[in-house]
Amino acid sequence: MKEEKQQHKTHQKKHSGPKAERKKRKRQQEQQAGTNEEDGRKRNPKAFTVHSAVRMARTFHRTQDLKTKKHHAPIVDRSPQEPPPFLVVVVGPPRVGKSTLIRCLIKNFTKQKLTEINGPVTIVSGKKRRLTFIECGNDISTMIDLGKVADLVLMLIDASFGFEMETFEFLNICQVHGFPKIMGVLTHLDSFKNNKQLRKTKKRLKHRFWTEVYQGAKLFYLSGMVHGEYQNQEIRNLGRFISVMKFRPLVWQTSHPYVLADRMEELTDPEAVRLNVKCDRKISLYGYLRGAHLKNKSQIHIPGVGDFTVSDLSFLPDPCPLPEEQKKRALNEKERLLYAPMSGVGGLVYDKDAVYIDLGGSHAQEEPRPSAELVQSLISTHSTIDAKMAVSKVSLFSGSVALQSDELQDEEPCQENPKEETIWDPEKGRVRRRAMFADDNQEEDEDDSEEESDDDDEENEDEDDMSEEEYEVDKDNDKEVSDAEDCGPLKRRKLKQDVEIDEALAFADSNDELEKSEQESSDDDDDSILGKEDVCKNKRQIAVRDSGHCTDEELQISDEEHNNLMKQAKVSITKSESSENKDDEEMCFETAGALHWKEGLAKKAAEAFFRQQQTAPNLRKLVYGKVMDDEEEKAEEEELGGLFHVSRPKAQMRCRANGIDCSRYPVDIERDWDCEEVLDSIRDCFVTGNWDKNEDAAKLLQEDDELYGDFEDLETGEVYQGDTDKDKDQSDQEDTGGDEDEKEEEEKEKAEKNERLDKKKRLKEKFDLEYDEGESTYFDDLKGEMQRQAQLNRTEFENVDDETRVQYEGFRPGMYVRIEIESVPCEFISNFDPNYPIILGGLGNQEGSIGYLQMRVKKHRWYQRILKTRDPLILSLGWRRFQTIPLYYVEDHNGRQRLLKYTPQHMHCGAAIWGPITPQGTGFLAIQSLAGGKAGFRIAATGVVLDLNKSVTIVKKLKLIGFPYKIYKNTAFVKGMFNSILEVAKFEGAILRTVSGIRGQIKKALHTPGAFRASFEDRLLMSDVVFLRSWFPVSVPQFYNPVTSLLQPVGGKDKWTGMRTVGQLRHDLQVNLPHNKDSLYKPIIRKMRHFNPLHIPKDLQRMLPFKSKPKLQEKKGNVPKNLQRPAVIKEPHERKIASLLVALSTVHNYKKKAAKAKHHDQRKGFFRQKQGEEADKMKRQKEARKKIYKIIGQKEKKRQKSSLKGSGHKE
Amino acid sequence: MASNILSYEGCNFLRQRLILAILSGRPVKIRQIRSRDDNPGLREFEASLIRLLDKVTNGTRIEINETGTTLYFQPGLLYGGQVEHDCCPERSIGYYLEVLIALAPFMKNSLKATLKGVTNDQQDPSVDALKATSIPLMKMFGIDGEGLDLKIIKRGMPPGGGGEVIFTSPVRRSLKPVQFTDPGKIKRIRGVAYSVRVSPQIANRMVDSARSILNKFIPDIYIYTDHMKGANSGKSPGFGLTLVAEMTNGSFLSSEMASNPQGQGSPILPEDLGKNCAKILLEEIYRGGCVDSINQSLALLYMTLGQQDVSKVLLGPLSPYSIEFLRHLRNFFQVMFKIETQQPEEERKGGEKVLMTCVGTGFTNLSKTIK
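If you're wondering where the values come from, they're calculated on a predicted model, not measured in any experiment. (Residues numbered from 1 in each chain as written. Chains lettered and ligands numbered in written order. Predicted model: local features only at pLDDT ≥ 70, side-chain atom pairs only at ≥ 80, totals over all residues. Heavy atoms only, no water.)

Some remarks on helix 1 (residues 14–24) of chain B
Residues and elements named next belong to chain B. Of all the 11 residues making up helix 1, 11 are buried; the element is thus mostly covered by neighbouring parts of the structure. For helix 1, the full list of buried residues reads Leu14, Arg15, Gln16, Arg17, Leu18, Ile19, Leu20, Ala21, Ile22, Leu23 and Ser24. Directly after helix 1, the chain includes glycine 25, whose backbone phi takes a positive value near 75°. (Buried < 20%, exposed > 50% of the residue type's maximum accessible area, 1.4 Å probe, protein only. Helix = DSSP H or I, 4+ residues; strand = E, 2+ residues; numbered from the N terminus.)

A few points about the sheet that holds strand 14 (residues 338–339) of chain A
Residues and elements named next belong to chain A. Strand order in this open sheet of seven strands is 6-5-4-1-3-2-14, and the pairing throughout is mixed. The open sheet has two edge strands, strand 6 (219–221) and strand 14, and neither has a second partner. Sheet topology note: the strand 4 (residues 152–158)/strand 5 (residues 181–187) ladder contains seven bridges and is parallel. By the bridge assignment, leucine 156 is partnered in strand 5 with valine 185. Those strands touched by helix 4 (residues 98–110) are strand 1 (86–91), strand 2 (121–124), strand 3 (130–135), strand 4 and strand 14, and its axis lies near 160° from that of strand 3. In the packing of helix 8 (residues 232–244) onto the sheet, the strands contacted are strand 1, strand 3, strand 4, strand 5 and strand 6, and the crossing angle to strand 6 comes to about 160°. (Pairing = 2+ DSSP bridges. Contact = heavy atoms within 4.5 Å. Axes fitted to C-alpha atoms, helices over the stretch in contact; angles between N-to-C directions.)

Remarks on unusual backbone geometry
The phi torsion of most residues other than glycine is negative, and most of the peptide bonds are trans. The peptide bond linking proline 158 of chain B to proline 159 of chain B adopts the cis configuration, its omega dihedral lying at 0°. By secondary structure assignment, the location of proline 159 of chain B is in the loop between strand 9 (149–154) and strand 10 (163–169). Unlike most non-glycine residues, serine 823 of chain A shows phi in positive territory, near 50°. On the secondary structure map, serine 823 of chain A appears in strand 21 (residues 816–824). Even without glycine at this site, glutamine 334 of chain B takes up a positive phi of about 55°. As for its position among the elements, glutamine 334 of chain B is in the loop between helix 8 (320–333) and strand 17 (338–342). You can call glutamine 334 of chain B buried: its relative accessible area is 17%.

A closer look at the packing of aromatic side chains
Taken as a whole and judged by the stated rule, the model has 31 aromatic pairs over all chains. Taking 5.0 Å as the distance between ring centres and 65° as the angle between the ring planes, the aromatic pair formed by tyrosine 852 of chain A and tryptophan 914 of chain A counts as edge-to-face. Separated by 62 residues along the polypeptide, tyrosine 852 of chain A in strand 23 (residues 850–859) and tryptophan 914 of chain A in strand 28 (residues 908–916) bring together distant segments of the chain. Per residue, the accessibility class of tyrosine 852 of chain A equals that of tryptophan 914 of chain A, and both read buried. Between the aromatic rings of tyrosine 8 of chain B and phenylalanine 332 of chain B, the centroid separation amounts to 6.2 Å while the plane-to-plane angle is 25°, which identifies the pairing as stacked. Taken together, the residues tyrosine 8 of chain B in strand 1 (residues 6–9) and phenylalanine 332 of chain B in helix 8 connect sequence positions 324 residues apart. Owing to a relative accessible area of 11%, tyrosine 8 of chain B belongs among the buried residues under this scheme. Given a relative accessible area of 2%, phenylalanine 332 of chain B falls into the buried group. One aromatic cluster is present, formed by Phe106, Phe141, Tyr302, Phe333 and Phe363 of chain B through successive ring pairs. Here the guanidinium or amino end of arginine 287 of chain B rests over the ring plane of tyrosine 665 of chain A, the centre of that ring lying 4.0 Å away. (Phe/Tyr/Trp six-rings, centres within 6.5 Å; stacked < 30°, edge-to-face > 60°. Lys NZ or Arg CZ within 6 Å of the ring centre and 35° of its normal.)

Some remarks on the sheet that holds strand 12 (residues 186–196) of chain B
Residues and elements named next belong to chain B. Taken together, the four strands give an open sheet; going across it, the order is 13-12-14-15, and neighbouring strands pair in mixed fashion. The open sheet is flanked by strand 13 (221–228) and strand 15 (252–258), the only strands paired with a single partner. Neighbour-to-neighbour, the strand axes of this sheet turn through a mean angle of 15°, independent of strand direction. Pairing geometry for strand 12 and strand 14 (residues 238–247), over 10 bridges, is antiparallel. Note that in strand 14 the partner of isoleucine 186 across the bridge is methionine 247. Helix-sheet contacts for helix 4 (residues 127–140) involve strand 12, strand 14 and strand 15, and the interaxial angle to strand 15 is about 165°.

As for the pairing of strand 5 of chain A
Residue and element names in this part refer to chain A. Where burial is concerned, most of strand 5 is hidden: six out of the seven residues are buried. Regarding the hand of the β-α-β motif, the stretch spanning strand 4, helix 6 (residues 165–176) and strand 5 is right-handed. Where strand 5 lies against strand 6, three bridges are found, and the strand directions are parallel. Paired with valine 185 across the strands is phenylalanine 220, a residue of strand 6. Following the chain from strand 5 across helix 7 (residues 195–212) to the adjacent parallel strand 6, one finds a crossover that is right-handed. (Right-handed = clockwise from strand over helix to strand, strands pointing away.)

Quick notes on the pairing of strand 18 (residues 353–359) of chain B
Residues and elements named next belong to chain B. Summarising burial for strand 18: seven of the seven residues are buried, a large majority. Here strand 18 shows two buried faces, one formed by Lys353, Leu355, Thr357 and Val359 and the other by Val354, Met356 and Cys358. Bridge analysis of strand 16 (residues 310–315) against strand 18 gives six bridges, and the strand direction is antiparallel. Bridge pairing in strand 18 links valine 310 to valine 359.

Description of the UniProt feature "domain: Bms1-type G" (unreviewed entry) in chain A
Here the UniProt-annotated "domain: Bms1-type G" (unreviewed entry) positions come out as residues 84–248 of chain A. Between the C-alpha atoms that bound residues 84–248 of chain A there is a distance of 14 Å. The span itself is 40% helix and 22% strand. (UniProt positions renumbered as here; feature names shortened; annotations may be inferred.)

Focus: helix 7 of chain A
Residue and element names in this part refer to chain A. An ideal rise of 1.5 Å per residue puts 26 Å on 18 residues; helix 7 measures up with 26 Å between its terminal C-alpha atoms. Those residues of helix 7 lying buried are Leu198, Lys200, Thr201, Lys202, Lys203, Arg204, Leu205, Lys206, Arg208, Phe209, Trp210 and Glu212. At the N-terminal end of helix 7, a side-chain oxygen is found 3.1 Å from the backbone nitrogen of lysine 196, two or three residues along, and the residue is asparagine 194. (Expected span 1.5 Å × (residues − 1). Polar contact = N/O pair within 3.5 Å; in protein donor to acceptor, adjacent residues only side chain to side chain.)

Things to note about the pattern of salt bridges
According to the stated counting rule, one finds 51 salt bridges over all chains in the structure shown. Salt-bridge contacts for glutamate 212 of chain A lead to arginine 208 of chain A; the nearest nitrogen and oxygen are separated by 2.6 Å. Taken together, the residues span about one helical turn, with glutamate 212 of chain A and arginine 208 of chain A both in helix 7 at a distance of four residues. Residue glutamate 212 of chain A is classed as buried on the basis of its relative accessible area of 10%. The exposure class assigned to arginine 208 of chain A is buried, which follows from its relative accessible area of 11%. Residues lysine 154 of chain B and glutamate 164 of chain B are paired through a salt bridge, measuring 3.6 Å at the closest nitrogen-oxygen approach. Here lysine 154 of chain B is found in strand 9, whereas its partner glutamate 164 of chain B is found in strand 10, with 10 residues between them in sequence. Residue class for lysine 154 of chain B comes out partly exposed when judged on its relative accessible area of 25%. A single network of salt bridges, built from pairs that share partners, joins Lys187, Arg188, Arg190, Asp220 and Glu246 of chain B. (Salt bridge = Lys/Arg side-chain N within 4 Å of Asp/Glu carboxyl O.)

If you want it as C-alpha cells, here you go:
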C-alpha cells in the first residue's frame, strides 16, 4: 500500500482561558523554584551521572534489541499507483442484516438507494478511495472464496442470539488464507429490553471476538433500526472507519493477480448454441484487476468452475473512476459514482467494441417511479448518472425492507452447552447453529460500564480524525435524507401510475417535451463525463455524443457514416501502419470537437508515422514482429476470400527451423584489426583510454587539488599551497590600489565568497560521507535498495502509453479489465446466479500442473471426529477448492514417512495428496462435505503445504510371517513366508524375529519354493512364529476433483457432492460392515493341561543327594486283613478311670502352667532389680574412675610443668 | 488441466524450448525434426540432452515417435542432486552445460553434475569460456555462495572426447533483479591456452601471438598455459585459446578458438590461432555490452525469472540465438522486453548497444523445500 501522507492540523497553543492560565502559573512556579531540568542538573549533578557501567550497557543492549526486533524483512513496494477498489465483504449468518448494512453504507457514501443488490457494488467513497461491497452468503464455498479475496471483512453478529457457527467458520477460513482486516458489527441490539442485560451481552461478545481476532479488535454496535434502516449516525461512523482504514498486504493476494467479476457476458455463437444447447461457451468477464500483474494468455482458475486459459485480455476505461483533480473539498454529487452491473446499475458501460447506456429497458416500467414533478426535482438536483440510476433501480422510498419485529420474540435462554447448539427458528424457517463457549457465562456479574465508556471514547477519537469536509458532507446527507423522508411514502402509490405512462411515452417519442428536458440535461452531463474520460476510443461513443438524444436508427446511421469516414482516412494513409492509424484516430477523438475531428487526420497520421519510424527501434519489430498488427493481418487474410488463403512460404523460417542449435554469435563482418583506425574505434573501452569527464582521474585530481591543495609536508617542513596565485594577486592588488573601482572589489569578493562556500560545502559533504554514512546498517542498505527498486518500477514505464505498457509489464492492478474465456461449461451460463461471486484467480507458472503435495495438517480442535486415511476430503488450497484423497503419515526419527490410519487427535501429522502444485507455505483448510453435514463445526482440518513432488515415499509396516518346519541347533528351515525362490533371494540377509524374541537372519533359499534357511541367536521351538518386519511403499491415489459448485443449478449451489466416503456409501446403500470371523470375540475355553511324569535317568538318580532323590519306596498300601490288629474296646469301669485320669492331668497341667507364669514374673522382677544394682555400681565406679583420672592428669601436668621448669633452671 | 501445449517445428533451438518448458511447466511438442533430411529425426546428441534432462527432473514424460521426428515433452519438477552424464561427443560439453546452468538455481536439491565428453570444440562455447563468463553472471543475479563452481578435471578434444567437468550450483528461491547498464572499462585480460596430446610449446606460441595484438590496448594481460598430460588429456590431440576481458564493473567478455579436430580440415598454426582469437576478442569488445554474446540468453532468462521488478541489462547486438530466445520467452512466459538501441556518445567505444528492460514474472522456485 502506498503511504499516504496525512495532513495533520498543527497544534494551536491556548493563549487565553483557564488552561493557558494554569500553564502560565505552573511555569512561573517552576521558574521560582528552579525546578526545570537544566537547573536540576546543576543542583544535583550526581543524579545525572553514570552509576553503573554494567547497567548502562544492559540498557543500551536492551534498547538495541528492541530496535532490531521492530525490523521486518524489507520488501519491494509493488502496490499500484491507483489501487483497485478495496473489497469489503459483509459476512454473517442469515437474517442478521447484511443486505441492509450494505444498502445503508451505499446510501451513506453515494446518496443513492439500491433496492436489489446482486453481486459486487463498487462505489467511490472518497477522493482517493473506492470500495467494492459484496455480500457473502452462508454457503461455505462462497465463504471460502470471498475469504481469499477480501481486504476488509465486516462480520455481522446477531447480538440477540449470540455467535453462530458461521462466524467462527469464517474466521478460521480467514486465518488459513491470510488474515484480512476484520471488523465486527453487532446488530439486533434493540431487542434487549433490559439495559444491563444489553451491556453484559456486549461485553461478553466483545471479549469472545477479541480472543478470536486480536485484543482490541474493533467491534461496532448498530443499536437499532429506523424505518428499516440502521441509524444514520452509526452508519456514518462505520463508513468513516472504512474509508480511513489501512489494509495489510497479504502474501497470496500480492503475489497473484485476481479479479472479482462484476459483469459477465456470453459471447458464444448463437448458431452453435442452437445446434447444440450443451456446447461449451465463450464468455467475457469484467472486473477490477487486483493483486499482481496479469498477463494475456495466462492461466486462471475460477473457483467453482475450473482452470482456463485467458483467450483475450483487454483493459477498459474505468467505469467508476476516482475524481480527477484533487481539490480541497468533499466529493460532489457527480463524483460519487456507483457501479453495480449485476444489480443493473452501471450508467454508461464501455465495452471493447460498444458503449452501453442503461436506459432502464424493460424493467424500467416495473419499478415504482415518482411522479413527474418529482422527476423534475430530481433532475434539477442530481446529475445524469443519478438520473440514470433513477431510471434503473433507485427508489427513494422503499418500505420493502421491513424489520421483523416478531424476530425479537424468539429469544431463548442461554444454555451451558459446550460448543454448538442447533436451534430451530420457526420465524426464519431455518436451523440456527449457536456457538457456545464455557467462558461465555463468566464475568457476567461484573459491571462493565467502564468498558462502555472506553468504547465511546474511542469512537469519539476516531471521529476527530476525520476531516472537516466529511462532516459537511454528512450534514448534507442528513438534510437530504430528511427531505426525502418528508415527502413520505403516502404519495408513492398515487404517483406510480402516472410515472409509468410518462415513461412509456418518453421512450416512444423522443420529441416529447418532458423527455427532451430530461434528455438534454442528461446530455450535458454525458458530455462532461465523456470529456473527462480521455481514453475514449470508441466510434459509437462519438456518435452518441453527436446525436444527442438519438433513437436507435439514428445511432446506426451515424455509425455508418463514421465507418465511411474511416475508410476514407485509411485510403489516404495507405503507407502508415494500422496501429498508428488507430492511435491517431484516438488522438483525434480526444482532442477534436464533435465534427472537425477529421480535418487534419491524414496529416496527423503521417506525422505520427514518421515520428514512430524515427523513434521506435526496428529491433523490436525484428524480435517480436508486428505485435499490434496481428489482428489486422488476420483480417486481410480473411478478406482475400473465404476459400483461398495466401500462404507465403516462410523461407527464412524453414531453413532456420532445422539449423544448428548453437548460442555462439559468429563474427560475420571481419574488421581489419590491424588497421589503426579500426583499433581506435574501441580504444576507450579500456581503462587505458579516455574516461568520461566525471570519472576522469586527472580531472578529479585537479578538482581535489583545488580543494585540498594546501598541506604541509611534515617531514621536510615544506608548505604546499593549492591555488596561491589568487591570494597573491589579491594581496598585490590590495597593496597597490586603494584607487581601484569598488565595484570590482565587491564582485571579486562575492566570487571569492562563493568559492569559499563551495569549498566548505564540499568539505562538509565529504565529512558527512565519512562519518555519517559509516553508521548505515545492513538493514538500512537493504531498505534503501528496495526503495530504489520500487522507484525504478514506478518510473520505468510511467511515460509509456497503456497500450504498450500492458505488453511489457502485463495488466497492472487497478485496471478495469475484460477477460475472454473460451470453452466454459454451458452450466455456468444456464445456472448463473449473480449472488455467487465469480473470482478469476491468476495462477503462477507451474501452478497449473498437478503433482503430489506433502502438507502438515492438524485436525481442527472443534471438529468432532478424527479423519481417516483414504477418506475423500475437500480442500481449499490456493484459489482452488477440490476433493482429493489424502494419506496421513508421521515422520519417524530416521526420516521414514510412516502411514497413519487416522489423524492424531491433538497433534500435527503429515498428509500427502495428489493435487494442484501450489507454492510451499500456502495454507489450506479441509472440509468433509459441502452438502448436508450441517452438524457441528464444518472445518475439519487446517494446515500448510510443505513440499511438492512428482513421487512420494510413504510406507506402511508389513509383517511377513513364517513357520519353522525343521530346527537344528540355531538354524531353522522356515516356510510360508515367501512364495518363490526369487522372493527369498530379494530378502537375503533380512532380519527376522520370533514371537519369543529370538533374533535371526535369512540366509539362503531352499529348493522348496518360498522356504529358506535362517540362523537365529538361539534354538527355536516348533511352535514359534517367525516374523519379518518390512516397509511397504503406499501409492497416493491420483484423485483430483475440482468442486464445481458454480455449475450446480440455481438454489443447489451448496449441494455439491463429490466422491463419498466408504462409510457414507455403506450408509446410503445400507450395507453392513464386513466381518472377519476371526476378529469376533468368543468365550475363552482353556483345555486342561496334562503334564507327563518327571522322568529322571537312573545315573542321575544315583548321583543325587538323598533329599533330591525320587522317593522310590512305594506308599504303604492297605494292610492286609491278616496283618490288621483288632481294635481295643474298653470296659465301662476302665473308661471311667481313663476319664478321671484325663481330668486329673488337665488340673495338673493347669497348675503347672500357673506356677510357670509365677516363676517367670518373679524372675523378671529379680532381673530388673539386679540390673538397677548393676547400673548403680557402674555409675559409682565411673565416678571413682573419673576422680582418679582427674587426679592423675593433674599430677601429670604438674610433673610436666615442673620438669620444664626444672630443665629451664638447669639450663 | 487445460491443454496449453506449445507446438514448434524443427530441431533448431531445442534447448531453449526444453529449458523454458521445464521452467514454465508447460508441455511442448516439437514436430518435423529434420523431416526432410536424409537422416531424419533426433540426433544422438539431442537424445543425450533429453536423457540428461530426464536425470535432473522428476516426473518428466517424454514421447518420441518411431522416426524421431516428433518429440513431446511434458516437464516434471526439477530435482537436481548428483548427476553423472556421458555427453555425446558430437557436441561439446558446453552444449549441455548451458542447459544445466540455466536450470541449476531452480532445482530441489543443489546440483552436482559430472559431465563427460568433449570439453572444447569449434562449435559450442567451451567450458573455459563458460567458467569465465557464465559463473560471474550467475553471481550477479544472487546465485552465489560456496556451491557455485565449475571444475575442469580432464580435457577432451573432438572427435574422441574423454574430458570431464564437474559443475556444482546452489539453489535459490528467487533471483535478484539487476540494473546492469554500465559495463565500465576493461581493466585486465586473462586467458587460458590449452594443449593436449601435442607439444607443450604450442600453448606458449599461442600466448605470444595473442599478446602481440592485445598489448596495443592494455598491458595487464596474463594468459595461462594449461598442458594436460596422461589420463587428463582425453582421447584426441588438439589445442586452443580462450581469452577473457574483465571490466571494472564486474562483467566479462570472452572469445575463443580451437584447433581443427584431428583428421578434419587442414592443420592450423598456433600463431594464427592466437592472433585470430585476439581479433575475435576485439570484435567482442567492439560489440560490447555488459554480457558476453554467448551469455545473452542466460541473462535474459534470469531477468525474466526475477521477482516482479524491473531489470535492465545493456547488451551488445543481439545474437540470432537470443532473438529467438526472446520470442520463446514471450511464448512461454508472456514476457516482452523493452528493447532500446543506444549509440555510444563517444566515437571510440565500439558499436551500437542494446538496452534490454523487462519486468520479472515473479518466478519462485517451487521445487525447493522449505522446512
